[in-house]
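Fold and contact review
Below are the chains, spelled out letter by letter.
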Amino acid sequence: MFELTTFFQITFFAAMVCSICYGLLFLLITIPSTEYSARLRTSKNLIAACFLACAVTLGFSLTKAEMPDFIRFASTMMLVVTSVSASSLSYALISLLDETVYTKETFYLNMILIVISSTILARLMLLDNPTATLVATLSYIILYVLQCGLHIFFFLRVFRKSQEKLENYYDEDEYHRIKWIRFCFWIMMATQVFVLVYFSMPKRVMAIYALWYCIFMLYFSSNYISFLSTHKIMLDAFAHNVLDVNSIIRKRHSKKSDAMRTKALSEAGEAREKEFQELEKNLRKWLEEKQYTKMDRSREEVAAELNTTKELLQLYFVLRKGVDFRTWRTEVRVEEAKRLLLEDKKASILVIAQQSGFSDRSNFHRQFTKIVGVSPKEWRDADGKPEK
């Protein structure tokens, strides 16, 4: 029994030290002042507070090492730690994407319930009331499961919407920029739910879980800090609303026929004929200079390069090309990739993708195969004449 208690103390002490270190690290990180940074700063500080609160809970459990049933008490406190982190880290990730879905009021209410129920549970265990403790523990677990379900509901609701918002703003597939958020969320949820499994297993397993929790904090922190250093890709996209000409016209003529909506589009194009001609001239120059190979360009940046506005750029492609700008640019990039694949057969597929303007190899492979009908490798091996 002494050896198992000591094992618990060591693992919990390690988890407490890790929590303190990560919490202080997040507090020391500075974020440049931007329109998006207020949300980012709130998320960062919340993670710091979460880790420090978990450290306090773990430290509190270590002070009760002389209890006759210390192992059961420490295991219950580990459940409290995961409950606090599940709520805080979920809100931190969701608020990065959309702060209007999971509101501060909902988060604060959730945390108040956690604090109250955790305090009652700890108090009953210290009073050594087995029946009341059992009822309180079961109630706590039920609330814990409901909490995890609530977070999953909010996350699924916001992630898809945020992905579309990011892609619409940058006019290219940018899922790889935020997929770490999705992966971290599901790893976090699995970590939180597994604590219930460990809670019902032999007590030595819970001590091992404390070590796993240290690994999870390291993984989560490293991904989040890495994102902080490259977060500009999301700044404008999540801080502004993207103007969609098609959506505006549909709203204005929602009660009219398709023919009338088409007429409205045509009239809008006729009124901008002179501007369209100037845009076409700039667009030819833009193509000659291969500006389409630049990555991470927002719609505003592309429009500025073409000496126009994002609204006019969108309207032009809807009317003159019959496709949106993103689709057209992807096709141009694929044509460039087709040429480069045959021009330099020793270059790697990744290098070709980057030279063509694709920042992600998997997206390049998917778009190339979709447009050409074969993979980049098959295109190169067939010298540009693959069998149908």
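Criteria and thresholds
- Residues numbered from 1 in each chain as written.
- Predicted model: local features only at pLDDT ≥ 70, side-chain atom pairs only at ≥ 80, totals over all residues.
- Heavy atoms only, no water.
- Helix = DSSP H or I, 4+ residues; strand = E, 2+ residues; numbered from the N terminus.
- Phe/Tyr/Trp six-rings, centres within 6.5 Å; stacked < 30°, edge-to-face > 60°.
- Disulfide = S-S within 2.5 Å.
- Buried < 20%, exposed > 50% of the residue type's maximum accessible area, 1.4 Å probe, protein only.
- Core = buried A, V, L, I, M, F, W, Y, C linked by side-chain atoms within 4.5 Å.
- Contact = heavy atoms within 4.5 Å.
- Arc of directions from axis to C-beta.
- Expected span 1.5 Å × (residues − 1).
- pLDDT = per-residue confidence, 0-100.
- Axes fitted to C-alpha atoms, helices over the stretch in contact; angles between N-to-C directions.
- Parallel < 35°, antiparallel > 145°, perpendicular 65-115°, else oblique.
- Nonpolar A, V, L, I, M, F, W, Y, C, P; charged D, E, K, R; others polar.

1. Quick word on unusual backbone geometry
The backbone of Lys290 sits at a positive phi, close to 55°, despite the residue not being glycine. You can see Lys290 is positioned in the loop between helix 11 (273-288) and helix 12 (299-305).

2. Points about the packing of aromatic side chains
Within the structure shown, the criterion is met by 30 aromatic pairs. Their ring planes at 80° and their centres at 5.3 Å tell us that Tyr91 and Tyr102 sit as a pair that is edge-to-face. Note that Tyr91 is positioned in helix 3 (residues 70-97) and Tyr102 in the loop between helix 3 and helix 4 (104-126), a separation of 11 residues in sequence. Ring geometry for Trp286 versus Phe325: centroids 6.1 Å apart, planes at 55°, classification tilted.

3. As for the state of the cysteines
Evaluation of the coordinates by the stated rule reveals 0 disulfides. Free of any disulfide, Cys54 has its nearest neighbouring cysteine sulfur in Cys50, separated by 4.2 Å. Owing to a relative accessible area of 1%, Cys54 belongs among the buried residues under this scheme.

4. Observations concerning the nonpolar core
Among the nonpolar cores identified, the biggest contains 74 residues, and Phe220 and Tyr224 are the most heavily contacted of them. Ranked by residues supplied to this core, first place goes to helix 3 with 17 residues. Setting aside chain neighbours within four positions, we find Tyr224 in contact with Phe26, Leu40, Ser43, Lys44, Ile47, Leu96 and Trp180. Tyr292, Val302, Leu312 and Phe317 belong to the second-largest nonpolar core, a separate cluster that totals 15 residues.

5. A look at helix 15 (residues 349-356)
Within helix 15, burial applies to Ile349, Ile352, Ala353 and Ser356. Here the buried residues of helix 15 occupy an arc of 100° about the axis, which is enough to place them on one side. On the buried face of helix 15, the contacting elements are helix 14 (325-343), helix 16 (361-372) and helix 17 (376-381).

6. Description of the environment of Lys321
Here Lys321 is to be found in helix 13 (residues 310-321). In this view, Lys321 contacts Tyr316 and Trp328; residues no more than four positions away in its chain are not counted.

7. What to know about helix 16
Here helix 16 contains 12 residues, and its C-alpha end-to-end distance of 16 Å stays within 8% of the 16 Å for a straight helix at 1.5 Å per residue. Turning to helix 16, its buried residues are Asn363, Phe364, Gln367 and Phe368. End-on view of helix 16: buried residues confined to an arc of 125°, all on one side of the axis. Its buried side turned inward, helix 16 meets helix 14, helix 15 and helix 17. Downstream of helix 16 by a residue or two, Gly373 has a phi angle that is positive, lying close to 100°.

8. Here we look at the environment of Leu342
Along the polypeptide, Leu342 turns up in helix 14. Its relative accessible area of 32% is what places Leu342 among the partly exposed residues. Spatially, the C-alpha atoms of Leu342 and Asp383 are 6.5 Å apart, while their sequence positions differ by 41 residues. Dropping the residues within four chain positions of it, Leu342 is found in contact with Trp379, Arg380, Asp383 and Gly384.

9. A look at the confidence of the model for the protein chain
Of the residues in the protein chain, 81% reach a pLDDT of 70 or more, and the chain-wide mean stands at 80. By mean pLDDT, helix 9 (residues 245-252) is the weakest element of the protein chain at 44, and helix 15 is the strongest at 89.

10. Brief notes about the packing of helix 2 (residues 37-62) against helix 3
For the pair helix 2 and helix 3, the least separation of the axes is 9 Å and the interaxial angle reads 180°. One way to sum up the angle between helix 2 and helix 3 is to call them roughly antiparallel. When grouped by side-chain class, the residues that make up the contact of helix 2 with helix 3 number 21 nonpolar, 6 polar and 1 charged.

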